[in-house]
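Spelled out, the chains give:
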4 protein chains.
Amino acid sequence: MTLDKKYEVEIKKLKQEVYDANMLLVKYGLVIHTWGNVSGITQDRKYMVIKPSGVSYDSLKPEDMVITDLDNNVIDSKYNPSSDTPTHTLLYKENPEIKGIVHTHSPNAVSFAQAGKDIPCFGTTHADNFYGPVPCARALSPQEINGQYEHNTGLVIIETFKSRKIDWKACSATLVKEHGPFAWSFKSPKDAVDLALTLEQVAKMAINTLIISNNNASSAQGALIEKHYNRKHGKNAYYGQKK
Amino acid sequence: MTLDKKYEVEIKKLKQEVYDANMLLVKYGLVIHTWGNVSGITQDRKYMVIKPSGVSYDSLKPEDMVITDLDNNVIDSKYNPSSDTPTHTLLYKENPEIKGIVHTHSPNAVSFAQAGKDIPCFGTTHADNFYGPVPCARALSPQEINGQYEHNTGLVIIETFKSRKIDWKACSATLVKEHGPFAWSFKSPKDAVDLALTLEQVAKMAINTLIISNNNASSAQGALIEKHYNRKHGKNAYYGQKK
Amino acid sequence: MTLDKKYEVEIKKLKQEVYDANMLLVKYGLVIHTWGNVSGITQDRKYMVIKPSGVSYDSLKPEDMVITDLDNNVIDSKYNPSSDTPTHTLLYKENPEIKGIVHTHSPNAVSFAQAGKDIPCFGTTHADNFYGPVPCARALSPQEINGQYEHNTGLVIIETFKSRKIDWKACSATLVKEHGPFAWSFKSPKDAVDLALTLEQVAKMAINTLIISNNNASSAQGALIEKHYNRKHGKNAYYGQKK
Amino acid sequence: MTLDKKYEVEIKKLKQEVYDANMLLVKYGLVIHTWGNVSGITQDRKYMVIKPSGVSYDSLKPEDMVITDLDNNVIDSKYNPSSDTPTHTLLYKENPEIKGIVHTHSPNAVSFAQAGKDIPCFGTTHADNFYGPVPCARALSPQEINGQYEHNTGLVIIETFKSRKIDWKACSATLVKEHGPFAWSFKSPKDAVDLALTLEQVAKMAINTLIISNNNASSAQGALIEKHYNRKHGKNAYYGQKK
């Protein structure tokens with residue numbers, strides 16, 4: 001499929017933005033080899049731009065970013081998109097305000113996914129960024145794995161947020177069991193990558209907290225979580241500068 | 001509020017010093033994103049200079065540092081000060097000799113705060129710098145959290161040092177429970193940041209010591225703690241060069 | 001022994017390739033000092049090229065790479081080859097399609113070898129690259145150690161893969177008990193080093209998974225392992241770009 | 001005291017060598033701040049050259065290195081020598097072939113010292129470099145601490161090697177309980193620093209081995225330790241190049 005000319009300027013800008021966000025994964029030390037992928041979306045939410053599958057970051061160029069529609073059709077691109085494309089598109093469709101999505105295999109977050117456990121909210125570093133535990137989704141069934149695997153991965157994430165009544169804005173990251181983290185942003189692809197770094201740092205702190213407490217730490221108290229989340233993200237937020 | 005002209009030279013120098021100390025947090029790997037903040041104080045202890053809230057280290061400039069008085073009023077500055085400002089000012093008022101204060105979310109120190117435990121004095125690396133365990137303050141009550149939170153954080157630190165009879169000079173760092181470390185210096189903002197790095201290193205060693213000992217390590221013997229603390233900081237200190 | 005002129009061009013290219021792969025060990029942080037070694041092989045599998053023994057990476061040059069035949073005779077080279085040479089040559093003889101072999105003392109993989117345990121397949125990061133656990137070979141007997149030690153190391157690796165019916169392509173790495181990892185590639189020496197980095201990352205994640213789960217994590221489910229291994233390496237692989 | 005002119009050339013060279021070795025501690029990431037110290041000795045073993053006490057690595061210069069005699073008298077130098085000077089001189093006197101000594105607070109080795117445990121010889125990485133466990137010396141008594149502390153530290157190290165019949169050449173490192181590692185070389189100050197890095201890496205691997213084995217790992221088998229130590233350091237050593 002080919003792209004309508006009217007998207008040319010927007011897509012060029014978005015490719016650069018998505019490329020920059022992908023390269024930030026390398027700068028942050030969140031990926032090795034060809035691991036990880038970041039995507040962004042056009043304003044009308046018709047097209048997604050995402051890292052090509054299995055291409056090394058060393059040789060990656062902004063123009064290599066792949067355009068797809070939200071039904072996972074590749075548009076006017078020479079490369080295959082990330083194999084996780086159907087997970088990305090499903091999350092964009094579920095959440096009409098999400099502007100960027102990132103998937104990594106960052107080691108500390110992956111370790112919680114491999115243990116099949118939520119990242120508990122042990123303190124304010126976590127609560128400043130994620131309201132409550134970062135959930136670990138249930139395992140996919142063999143049928144879900146053998147079917148449309150990446151699409152079903154998205155469905156299981158959505159099921160997790162619905163069944164546990166988690167607000168996508170308040171907790172903009174999840175773990176896929178035995179797999180790894182996804183994070184998303186309501187601002188930009190870059191912001192999603194910033195969150196992925198935060199998640200990795202929070203996961204590292206949680207592992208150390210488990211060691212220090214002999215696997216016996218308890219979640220931070222509710223009032224503290226409320227306070228920290230809200231001083232940064234609430235209606236009367238006072239962290240940061242006036243916008 | 002505006003600043004009296006007579007402070008111009010001193011404040012300009014202090015802003016540079018506080019800026020340099022904040023950037024040192026990045027160099028030392030103690031912060032990511034906009035996390036962490038360092039402050040300094042004028043000689044007459046009328047004004048504090050501190051990092052602006054939520055501003056990225058990449059774009060930070062010396063002139064962006066925010067001036068406040070010790071009642072947390074912003075003086076002649078375009079940015080909001082760090083949201084932790086009331087904790088800083090309270091500590092400056094409580095300790096008329098403190099010259100610089102730093103707060104970070106460095107992962108190993110935070111992990112002890114999240115586990116709600118003191119960092120035990122397991123050896124001479126610790127004792128060279130902190131006399132006895134680095135205390136973890138008690139949790140704030142929901143009332144303290146929902147009230148003047150950052151001010152109350154300072155009060156709980158002060159309460160900890162008073163009730164446990166800890167000398168602010170001998171142990172110039174603390175952990176705020178489920179939150180993270182504060183450190184201070186009687187010399188300069190830079191020295192406070194150096195202490196924050198020491199604290200992080202000491203916390204890392206303590207975590208590994210717990211692993212090796214199967215969570216069963218005991219504090220270093222008292223005579224050794226005395227010796228190391230005093231050879232560096234005591235009346236007859238012989239570490240370092242004559243001043 | 002001297003080298004037939006007809007190999008000149010191929011050997012020169014191979015030395016460069018093997019040198020580059022050895023230097024990549026340093027770039028990836030997998031080795032310190034003179035530790036680690038990478039080898040490659042000529043197309044007719046008559047000659048192997050390998051790092052010289054005990055030479056520092058700082059002073060290493062492409063022409064320093066040592067040529068041996070597959071009976072471990074040094075050909076036309078001024079340096080001694082890596083002391084692990086007989087392990088390499090044996091693996092090349094056992095697997096006529098292997099193109100590159102690497103041995104490191106990377107700390108996380110070594111730690112599993114020291115504990116005498118397989119690296120369990122805890123998730124998709126592992127399954128994307130190694131099908132099933134990365135096996136830890138049995139200990140060598142004192143007789144095997146005191147005899148042709150490096151040759152016997154290769155024999156024990158081969159015994160492990162045979163007795164446990166592991167496919168050399170599906171799992172192209174192993175641990176030698178109380179020693180460390182070997183990895184090999186059916187593509188190139190560089191690819192073997194890429195796998196060694198993957199192995200180290202996977203080992204790190206496995207250690208953290210053990211911590212989080214209180215040493216109680218279970219292997220990822222079979223269907224997920226199948227899926228991930230095959231989407232990258234199976235007949236209908238769809239990860240990456242068309243070749 | 002002043003230095004005899006006949007030492008001028010040798011001392012100048014030695015100061016450069018000791019300076020380079022001290023700076024290598026920074027490059028290797030084994031020290032922060034002013035921690036750590038390396039020394040070297042003149043050929044006639046009359047003078048030692050060592051890092052000045054408490055001077056930052058950033059501002060250190062070769063000419064700042066301090067000369068002492070083996071009775072700890074400072075010779076012709078503007079700075080105080082490292083406070084650990086009497087430990088160094090005692091080890092030089094005890095071992096007339098030692099050419100360089102290093103003390104660090106590298107975190108993994110310190111953690112074993114803080115836990116008061118030997119670093120077990122879990123595998124070949126260790127055995128390639130240290131024959132058997134790296135011993136942790138007994139705690140100093142309060143009398144020893146309050147007396148000539150640094151001298152007594154040396155005495156306790158010597159007592160440990162004597163009572164446990166450890167060969168200084170076969171195991172050229174030790175841990176001082178609740179303090180940290182010392183390492184020495186029979187070649188050069190630089191080689192001592194290389195050993196300190198090896199020790200830190202080996203300690204890291206040992207910590208991870210304890211985690212993986214649920215604190216239940218056993219020492220590598222004796223034949224393997226013999227083999228690896230001897231293939232590198234024995235009479236028939238075949239690791240490395242002919243000298």
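The rules behind the values
Residues numbered from 1 in each chain as written. Chains lettered and ligands numbered in written order. Predicted model: local features only at pLDDT ≥ 70, side-chain atom pairs only at ≥ 80, totals over all residues. Heavy atoms only, no water. UniProt positions renumbered as here; feature names shortened; annotations may be inferred. Pairing = 2+ DSSP bridges. Helix = DSSP H or I, 4+ residues; strand = E, 2+ residues; numbered from the N terminus. Contact = heavy atoms within 4.5 Å. Buried area = accessible area lost by both parts, 1.4 Å probe. Salt bridge = Lys/Arg side-chain N within 4 Å of Asp/Glu carboxyl O. Polar contact = N/O pair within 3.5 Å; in protein donor to acceptor, adjacent residues only side chain to side chain. Nonpolar A, V, L, I, M, F, W, Y, C, P; charged D, E, K, R; others polar.

As annotated in an unreviewed UniProt entry, chain A carries the name L-ribulose-5-phosphate 4-epimerase and comes from Mycoplasmopsis caviae. The record held by UniProt for chain A lists under Catalytic activity (unreviewed entry) the comment "L-ribulose 5-phosphate = D-xylulose 5-phosphate". Chain A has a UniProt comment under Cofactor (unreviewed entry) that states "Zn(2+)".

Looking at the sheet that holds strand E4 (residues 74-75) of chain C
All names here are of chain C. Across the sheet, which stays open at both edges, the 7 strands sit in the order E4-E3-E2-E1-E5-E7-E6 with antiparallel pairing between neighbours. Each edge of the open sheet is held by one strand with a lone partner, namely E4 and strand E6 (173-176). Pairing of E6 with strand E7 (residues 180-185) involves 4 bridges; the strand directions are antiparallel. Counterpart to Thr 174 in the pairing with E7 is Phe 182.

A look at the interface of chain B and chain D
With 35 residues of chain B in contact, the opposing surface of chain D contributes 37 residues. For the chain B face of the interface with chain D, the top three residues by lost area are Met205(B), Ile212(B) and Gln241(B), together amounting to 22%. Put simply, chain B and chain D have 2 salt bridges between them. Arg231(B) is the salt-bridge partner of Glu150(D), the closest N and O atoms lying 2.6 Å from each other. Inspection of the region where chain B meets chain D yields 19 residue pairs in polar contact (both at pLDDT 80 or more). Going through the elements one at a time, helix H4 (124-127), helix H7 (189-212) and helix H8 (222-233) of chain B are the ones with two or more residues in the side of chain B that touches chain D. Ranked by residue count, the leading element in the side of chain B that touches chain D is H7(B), at 11 residues. Each residue belonging to the side of chain B that touches chain D can be placed in one class, and the counts come to 12 nonpolar, 15 polar and 8 charged.

Brief notes about the arrangement of the chains
As for chain C relative to chain B, no contact occurs, and the smallest C-alpha gap between them is 10 Å. A gap remains between chain A and chain D, which never touch, and the nearest two C-alpha atoms on either side lie 10 Å apart.

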